[in-house]
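# Remarks on the overall topology
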Amino acid sequence: MTTKPRPRSAAAASSKSPRRSKASREAIEPVGGASTGATERIVASITAAIVERRLMPGTKLAEQKIADIFAVSRTIVRQALNQLSRDHLVTLSPARGAFVATPSVEEARQVFQVRGMLETAMVKALASSITDAQISQLRQHLQLEREAIARTDVPGRTRLLADFHVVLARMLGNTVLAELLNDLLNRSSLIALMYQSSHSAEHSQDEHSRIVDALAARDGKTATKLLTQHLSSVERNLHLDPRSPDLALALLPPHHEHFCPLSPRPARLWPQPAPRPMARPSARGGAVRAEL
């Protein structure tokens, strides 16, 4: 005698969570190569936003918001943020989350010091091996820089001006050098944002043009000298030596009655006698009281 299987009740059937389709699972949690691709896409997007000055130092990078933007899980976002942290573009705080990095003055100096050592040797080597086709490629890059500057394309010109140095490295056929220099240039862009470089895009573009002219002449000595001057000029225009403000001047608002902006001594915080009004000559030769 065979017994028929008892049908499951509706409650029992509904107690089991429905299985998600393969497509929906991959949308929530990419696997294998898809996961790596999503991580790299987020890393590239955040890096580009920093280099092109769309993300400022100290900006909060909320995991959930980034996950929503890229339609991925927070696990994938964390992987991307960890990679950016290793690249020194993002700072991770266990209690506060992720932020665009705020490089220190000492870090800024070290980045430019390393760039100087690498790039001067790079240009010296390139001057003896560069081809006419590579010179033509550099001149095309310079034209793209000029066009971006002319149309006030700030993100585009920022990227192109940085890429100029990476293009030089690639022409030597040294992938490791190109990748290392690319990382340093990303950090340099963040440093320029942090310390408000006044080095104009037009000035940088003109210096790039002179470096290419020296390379075209196969003049390694001049090319190296011009590159050194270019990096020194960029670093010099960063505000890496801020003067320590007088505490009283910093804390008192400019319109405060005891605010003394030109005093070489610390401002006195107790009431001072009212200054005597100054007199200036009138058009009719008399004296007119100046309002303070």
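Residues numbered from 1 in each chain as written. Predicted model: local features only at pLDDT ≥ 70, side-chain atom pairs only at ≥ 80, totals over all residues. Heavy atoms only, no water.

With that settled, the discussion passes to the pairing of strand E3 (residues 97-100). Here strand E1 (residues 60-61) runs beside E3; their pairing, made up of two bridges, is antiparallel. Along E3, the bridge assignment pairs Lys60 with Phe99. The pairing of strand E2 (residues 90-93) with E3 spans four bridges and is classified as antiparallel. Its bridge partner being in E3, Val90 is matched across the sheet by Val100. The antiparallel pairing of E2 with E3 creates a hairpin that spans three residues between the two strands. (Pairing = 2+ DSSP bridges. Helix = DSSP H or I, 4+ residues; strand = E, 2+ residues; numbered from the N terminus.)

At a minimum axis distance of 9 Å, the contact between helix H7 (residues 132-150) and helix H8 (residues 154-171) shows a crossing angle of 170°. With respect to their mutual orientation, H7 and H8 come out roughly antiparallel. Where H7 abuts H8, its residues Gln134, Gln137, Leu138, His141, Leu142, Leu144, Glu145, Ala148 and Ile149 lie against Gly156, Arg157, Leu160, Leu161, Asp163, Phe164, Val167, Leu168 and Met171. Partitioned by chemical class, the residues of the contact of H7 with H8 number 11 nonpolar, four polar and three charged. (Axes fitted to C-alpha atoms, helices over the stretch in contact; angles between N-to-C directions. Parallel < 35°, antiparallel > 145°, perpendicular 65-115°, else oblique. Contact = heavy atoms within 4.5 Å. Nonpolar A, V, L, I, M, F, W, Y, C, P; charged D, E, K, R; others polar.)

With that settled, consider empty space enclosed by the protein. As enumerated under the stated definition, the model contains one cavity of 30 Å³ or more in all. By volume, the largest cavity is sized at about 30 Å³. As for the largest cavity, its lining consists of His88, Pro103, Glu107, Arg187, Leu190 and Ile191. A total of three residues in the lining of the largest cavity trace back to one element, the largest contributor, which is helix H9 (residues 175-194). Grouping the constituent residues of the lining of the largest cavity by class yields three nonpolar, one polar and two charged. (1 Å grid on protein atoms, 1.4 Å probe; cavity = no way out; pocket = protein on both sides within 12 Å on 5 of 7 lines; lining within 4 Å. Points joined across faces, edges and corners; volume = space filled by probe spheres on them.)

Moving on: the sheet that holds E1. Taken together, three strands build an open sheet; the order of strands is E1-E3-E2 and the sheet is antiparallel. Here the strands that pair on one side only, and so sit at the sheet edges, are E1 and E2.

So, about the side chain of Thr47. By the element assignment, Thr47 lies in helix H3 (residues 33-51). For Thr47, a relative accessible area of 11% translates into the label buried. A polar contact of 2.7 Å, which involves the side chain of Thr47, links it to the backbone oxygen of Val43. Residues within four places of Thr47 in sequence aside, it is in contact with Leu84, Leu89 and Asn186. (Buried < 20%, exposed > 50% of the residue type's maximum accessible area, 1.4 Å probe, protein only. Polar contact = N/O pair within 3.5 Å; in protein donor to acceptor, adjacent residues only side chain to side chain.)

What the rule picks out here adds up to 10 salt bridges. For Glu52, the salt bridge identified is with Arg159, shortest N-O distance 3.9 Å. Residue Glu52 is found in the loop between H3 and E1, and its partner Arg159 is found in helix H8; the two are separated by 107 residues along the sequence. Two residues, Arg187 and Glu107, come together in a salt bridge whose shortest N-O distance is 2.9 Å. With Arg187 in helix H9 and Glu107 in helix H6 (residues 105-127), the pair connects residues that are 80 residues apart, well separated along the chain. The exposure class of Glu107 is partly exposed, given its relative accessible area of 21%. Three or more residues are tied together by salt bridges with common partners; here these are Glu52, Arg54 and Arg159. (Salt bridge = Lys/Arg side-chain N within 4 Å of Asp/Glu carboxyl O.)

Moving on, we get to the layout of surface pockets. By volume, the largest pocket amounts to about 490 Å³. In terms of lining, the largest pocket is formed by 23 residues, of which the most central are Arg53, Thr158, Leu161, Ala192 and Ser204. Of all the secondary structure elements, the ones that give two or more residues to the lining of the largest pocket are H6, H8, H9, helix H10 (201-216) and helix H11 (220-236). With six residues, the single largest contributor to the lining of the largest pocket is H8.

Let us now look at unusual backbone geometry. Notably, Arg53 is not glycine yet its phi reads approximately 65°, a positive angle. Structurally, Arg53 can be placed in the loop between H3 and E1. Residue class for Arg53 comes out partly exposed when judged on its relative accessible area of 37%. Residue Arg218 is not a glycine yet carries a positive backbone phi of 55°. With relative accessibility at 36%, the residue Arg218 sits in the partly exposed group.

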